[in-house]
Amino acid sequence: MIDLRSDTVTRPTSAMKDAMMAAPVGDDVWGDDPTVNAFQENLAEQAGKEAALLFPSGTQSNLVALMAHCERGDEYIVGQSAHTYRYEGGGAAVLGSIQPQPIENAADGTLPLEKISAAIKADDFHFARTKLLALENTIGGKVLPADYVLKATELARERGLATHLDGARLFNAVVASDIPLKQLCLPFDSVSLCFSKGLGTPIGSALVGSQALIDRARRWRKVVGGGMRQSGIIAAACQYALDHHVADLADDHRRAARLAEGLAKLPGVEITAQATNMVFVRFPDEHVKPLSAWLKEHGILIELLYATRFVAHRDVNDADIDKVIAVMEAYFSRH
Ligand SMILES: *Cc1c(COP(=O)(O)O)cnc(C)c1O
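Keep in mind that this is a model prediction, so the values were computed, not measured.

### Description of the layout of surface pockets
Here is step 1: Of the voids in this model, the largest pocket is the one considered here, and its volume is about 940 Å³.
Here is step 2: Taken together, 33 residues form the lining of the largest pocket, with S81, Y87, G140, F280 and R309 sitting closest to its centre.
Here is step 3: Where the lining of the largest pocket is concerned, the elements lending two or more residues are α4 (83–86), β9 (270–275), β10 (278–282) and β12 (308–311).
Here is step 4: Here the element with the most residues in the lining of the largest pocket is β10; it accounts for 4 residues.
Here is step 5: Along the lines of polarity and charge, the residues of the lining of the largest pocket split into 11 nonpolar, 11 polar and 11 charged.

Set out below in structure tokens:
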């Protein structure tokens, strides 16, 4: 199958599995796992933060970050289409007693500054306490403009808010914009990074921030059941991805652009967005089901739940992209 539903479908390579097998391990809840400790130190250094903490998933890393920044009765300002608001089961409210204050994202994924400003509540007991601004980069595949990030985080700081970045795909932004990880993390108090997307690990995310924030996060991670034991096997995969897979994201971006170019030529197909490794496509409603079935028949899987999305990743190659374009062409030449 050519699986374009998400970059989460990437599988560990045999070299990555070798690194996992060879990793020295210990009990990380006791702080004893040398591979976890080395990975966390290395990542913190690369991200320009004091400390890092390994998580089983990005959802948990984001949730714990929100819980480390906010207390019961606090709120965070977040995009309507942000993962931390829309796609994490309402975890901040359900498990953290933290109220989200969602704002409509602009087409480029940003939260307009005047809307952020207007959403910050006065210090009055009628209101939840606005404590945090949460952004996402990349969002819908798009890299947030660097000058926007500086302005938004500066506004937050001026108004006494902390800042969190859901950087599940921040390495895609690093590669697409050629700006070092450190610089993209600098404006934020905390950043969550995923290794199980385009970087290809079977599991693993990490939160980076100040030592004080990570100490609070370690406590909440234990509370939500994320304290893991010999998790060096996971950290070894993440370290391997960091060392060997980041630059390869450029191939994913190139393939997504090539796919968009091929699909744009087809009558009835509208490319609504293409950035980094994602292509968002619209076709007339009546085609959605039969086209998806046609693709499946030809060994191609795509995501239709939220928007019609094709995601390039390291487990699809140039020939696969050509095949997808050809199969799409064949469908539209018949319908
Ligand atoms: C995938 C993703 C996450 C975390 O997802 P998990 O599946 O829990 O690792 C967070 N934010 C964004 C934007 C994501 O795409």
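### Description of the sheet that holds strand β3 (residues 74–79)
Here is step 1: An order of β2-β8-β7-β6-β5-β3-β4 is seen for the 7 strands of this open sheet, with the pairing classed as mixed. Because the sheet does not close on itself, it has two edges, and the strands there are β2 (51–55) and β4 (99–103). Each neighbouring strand pair of the sheet contributes to a mean axis angle of 20°, computed without reference to strand direction.
Here is step 2: Taken together, the 4 bridges between β3 and strand β5 (residues 129–136) define a ladder with parallel strand orientation.

### Observations concerning the UniProt feature "modified residue: N6-(pyridoxal phosphate)lysine" (unreviewed entry) in the chain
Here is step 1: Mapped onto the present numbering, the UniProt feature "modified residue: N6-(pyridoxal phosphate)lysine" (unreviewed entry) falls on K197.
Here is step 2: As for its placement among the helices and strands, K197 is situated in the loop between β7 (190–194) and β8 (205–209).
Here is step 3: Look at K197 and you get buried, because its relative accessible area is 13%.
Here is step 4: Setting aside residues no more than four positions away along its own chain, K197 makes contact with D7, T8, T10, A168 and R169.

### A word on the site of the ligand
Here is step 1: In the vicinity of the ligand, the contacting residues are S57, G58, T59, N62, H83, E88, E136, D166, A168, R169 and K197.
Here is step 2: Protein chains bury 82% of the 380 Å² of accessible surface belonging to the ligand in isolation.
Here is step 3: With 3 residues, the top contributor of residues to the shell around the ligand is helix α3 (residues 58–69).

### Considerations on the packing of aromatic side chains
Here is step 1: As enumerated under the stated definition, the model contains 5 aromatic pairs in all.
Here is step 2: Where F171 meets F195, the ring centres are 5.8 Å apart and the plane angle is 50°; that geometry is what we call tilted. Here F171, found in helix α8 (residues 170–177), pairs with F195, found in the loop between β7 and β8; they are 24 residues apart in sequence, far enough to count as distant. Comparing F171 with F195, the two get one shared label, buried.
Here is step 3: Seen from their ring centres, F283 and F332 are 6.1 Å apart, and the 50° between their planes marks the pair as tilted. Placement of F283 in the loop between β10 and α13 (285–297) and of F332 in helix α14 (residues 318–334) is noted, with a sequence separation of 49 residues between them.
Here is step 4: Using a relative accessible area of 6% as the deciding quantity, one classes F283 as buried.
Here is step 5: With relative accessibility at 8%, the residue F332 sits in the buried group.
Here is step 6: Members of the aromatic cluster, connected to one another through ring pairs, are F283, W294, Y331 and F332.

Cut-off values and rules
- Residues numbered from 1 in each chain as written.
- Predicted model: local features only at pLDDT ≥ 70, side-chain atom pairs only at ≥ 80, totals over all residues.
- Heavy atoms only, no water.
- 1 Å grid on protein atoms, 1.4 Å probe; cavity = no way out; pocket = protein on both sides within 12 Å on 5 of 7 lines; lining within 4 Å.
- Points joined across faces, edges and corners; volume = space filled by probe spheres on them.
- Helix = DSSP H or I, 4+ residues; strand = E, 2+ residues; numbered from the N terminus.
- Nonpolar A, V, L, I, M, F, W, Y, C, P; charged D, E, K, R; others polar.
- Pairing = 2+ DSSP bridges.
- Axes fitted to C-alpha atoms, helices over the stretch in contact; angles between N-to-C directions.
- UniProt positions renumbered as here; feature names shortened; annotations may be inferred.
- Buried < 20%, exposed > 50% of the residue type's maximum accessible area, 1.4 Å probe, protein only.
- Contact = heavy atoms within 4.5 Å.
- Near = heavy atom within 4 Å.
- Areas by Shrake-Rupley, 256 points an atom, 1.4 Å probe, with all protein chains shown as cover.
- Phe/Tyr/Trp six-rings, centres within 6.5 Å; stacked < 30°, edge-to-face > 60°.

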